[in-house]
Amino acid sequence: MQKLEQVYEGKAKKVFRTEDPEAYIVDYKDDATALNGLKKGTIRGKGVINNRITNHLMSLLEKGGVPTHLIRELSDRETLVKKVEIVPLEVIVRNIAAGSLAKRLGLEEGARMKRTVLEYCYKNDALGDPMVNEYHILAMDFCTREELDLIAKYALRINELLTAYLREVRIELIDFKLEFGRTGSGAIVLADEISPDTCRFWDSVTHEKLDKDRFRRDMGGEEDAYKEVLKRLLGE
């Protein structure tokens, strides 16, 4: 499959057209951003790691009944995916209090909550991705009621599958961000990525952070943390 013109460049990926009008190539970058793009840097090898982890986890989710945009991995950094129209929502799944939720509600980071929390943010960099609720989403016509119900169902199923799988490699899934898209036929599928960029991964024994929080909080060791997640998931 050949790369044609670039149609999009985000903080972590570039997207290219192909000769198939229903398929795109995603090319993962080593660029790292945090705090809504205010902090910028590079995590060496991140693009390769995130590409491989994402494809590995999306393949797992497909087997568990969650449709994704994945077609096949093309190289260490490139993956062929279905062309989708992204629903302009970040879907955040939270199992344990951390990050903005802990700050917002005055919770101690690491506090276990009585149930999983689903949050939605409007994908808009200029506005800082503000939090929205179901009423906003339907009023602004970001998606239909049926689509939103399906997105919530998939998000909770993804949480169930990943939590159980990651537990086997001593990783605790604290929280994570998902994006969904519509295919040409209108089907809702998981898109974007699932990686240390978009998930909070903690070692289940030591609670060491194995994700982008190391970059976000100037902790250092982010390259080793990303490599550790790849090693645990793929044995590399």
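S.K.: What is the right way to look at the overall build of the protein chain in this model?
M.R.: When helices and strands are counted, the protein chain shows 6 helices and 14 strands. Relative to a compact globule of 236 residues, whose C-alpha radius of gyration would be 18 Å, the protein chain shows 17 Å and is just as compact. The principal-axis extents of the C-alpha atoms in the protein chain amount to approximately 50 × 45 × 35 Å. Taken over 236 residues, the protein chain has a buried fraction of 51%.

S.K.: Looking at this structure, how should I read the pattern of salt bridges?
M.R.: Side chains that differ in charge, positive against negative, can pair when their charged atoms come close. What the rule picks out here adds up to 33 salt bridges. The shortest N-O distance in the salt bridge between R200 and D213 comes to 2.7 Å. Of this pair, R200 sits in strand β14 (residues 199–203) while D213 sits in helix α5 (residues 213–216); the two residues are 13 residues apart in sequence, bridging distant segments of the chain. Across this residue pair, the class does not change: R200 and D213 are buried. The closest approach of N and O atoms between E228 and R232, which form a salt bridge, is 2.8 Å. Within this pair, E228 and its partner R232 are both found in helix α6 (residues 222–234), separated by 4 residues, close to a single helical turn. A single salt-bridge network, built from bridges that share partners, covers R94, R104, E109, E119, D175, R200, K209, D213, R216 and R217.

S.K.: Would you take a moment to explain the packing of aromatic side chains for this structure?
M.R.: The relative placement of two aromatic rings is captured by the distance of their centres and the angle of their planes. Under the definition given, this model contains 2 aromatic pairs. Between Y122 and F142, the ring centres sit 4.7 Å apart and the planes meet at 15°, which makes this aromatic pair stacked. With Y122 in strand β10 (residues 112–122) and F142 in the loop between α3 (134–139) and α4 (145–167), this residue pair connects regions lying 20 residues apart in the sequence. Classification of F142 by relative accessible area gives buried; the value is 9%. Ring geometry for Y154 against F180: centres 6.5 Å apart, planes inclined by 20°, an arrangement best described as stacked. With a gap of 26 residues between them, Y154 in helix α4 and F180 in strand β12 (residues 171–182) connect regions that are remote in the sequence. Neither residue differs from the other here; Y154 and F180 are each classed as buried. Sitting over the ring of F16, K3 keeps its end group 4.4 Å from the ring centre. Cation over ring: K39 sits above F215, and NZ or CZ is 4.5 Å from the ring centre.

S.K.: What am I meant to see in the nonpolar core here?
M.R.: Across soluble globular proteins, you tend to see nonpolar side chains buried next to one another. Core analysis: the biggest nonpolar cluster contains 47 residues, and L89, I158, L166, L178, F180 and I194 have the highest contact counts within it. Where this core is concerned, the elements lending two or more residues are β4 (31–34), α1 (46–63), β9 (89–96), α4, β12, β13 (188–191), β14 and α6. When residues in this core are grouped by element, the largest group, 10 residues, is from α4. Apart from residues no more than four positions distant in its own chain, I158 is found in contact with L61, V66, F176, L178, F180 and L190.

S.K.: How should the sheet that holds strand β6 (residues 70–73) be read in this particular structure?
M.R.: If you walk across this open sheet you meet the 5 strands as β1-β2-β3-β7-β6, and the pairing is antiparallel. Edge positions in the open sheet fall to β1 (6–9) and β6, since each of these has one partner strand only. Each adjacent strand pair in this sheet contributes to an overall mean axis angle of 25°, direction not counted. Judged from the 3 bridges that link them, β1 and strand β2 (residues 13–17) form a sheet pairing that is antiparallel.

S.K.: For this particular structure, what's the right way to read α6?
M.R.: For an α-helix, the turn length of 3.6 residues means that residues three or four places apart are oriented alike. The terminal C-alpha atoms of α6 lie 18 Å apart, and with 13 residues this matches the ideal 18 Å at 1.5 Å per residue to within 8%. Within α6, the full set of buried residues consists of E222, A225, Y226, V229, L230, R232 and L233. All buried residues of α6 fall inside an arc of 165° around its axis, so they share one side. In α6, the exposed positions that point more than 90 degrees away from the buried face belong to D224 and K231. Buried residues in α6 make contact with α1, α4, β12, β14 and α5. Trailing α6 by a residue or two, G235 shows a phi angle of about 70°, which is positive.

S.K.: Which parts of the structure should I look at to understand unusual backbone geometry?
M.R.: Among all residues except glycine, the phi angle is most often negative; among peptide bonds, the trans geometry is most common. Residues other than glycine seldom take positive phi values, yet D129 does so here, at roughly 50°. Note on placement: D129 falls in the loop between β10 and β11 (131–132). Residue D129 is classed as buried on the basis of its relative accessible area of 12%.

Parameters at a glance
- Residues numbered from 1 in each chain as written.
- Predicted model: local features only at pLDDT ≥ 70, side-chain atom pairs only at ≥ 80, totals over all residues.
- Heavy atoms only, no water.
- Helix = DSSP H or I, 4+ residues; strand = E, 2+ residues; numbered from the N terminus.
- Rg over C-alpha atoms; globule rule 2.2 N^0.38 Å.
- Buried < 20%, exposed > 50% of the residue type's maximum accessible area, 1.4 Å probe, protein only.
- Salt bridge = Lys/Arg side-chain N within 4 Å of Asp/Glu carboxyl O.
- Phe/Tyr/Trp six-rings, centres within 6.5 Å; stacked < 30°, edge-to-face > 60°.
- Lys NZ or Arg CZ within 6 Å of the ring centre and 35° of its normal.
- Core = buried A, V, L, I, M, F, W, Y, C linked by side-chain atoms within 4.5 Å.
- Contact = heavy atoms within 4.5 Å.
- Pairing = 2+ DSSP bridges.
- Axes fitted to C-alpha atoms, helices over the stretch in contact; angles between N-to-C directions.
- Expected span 1.5 Å × (residues − 1).
- Arc of directions from axis to C-beta.

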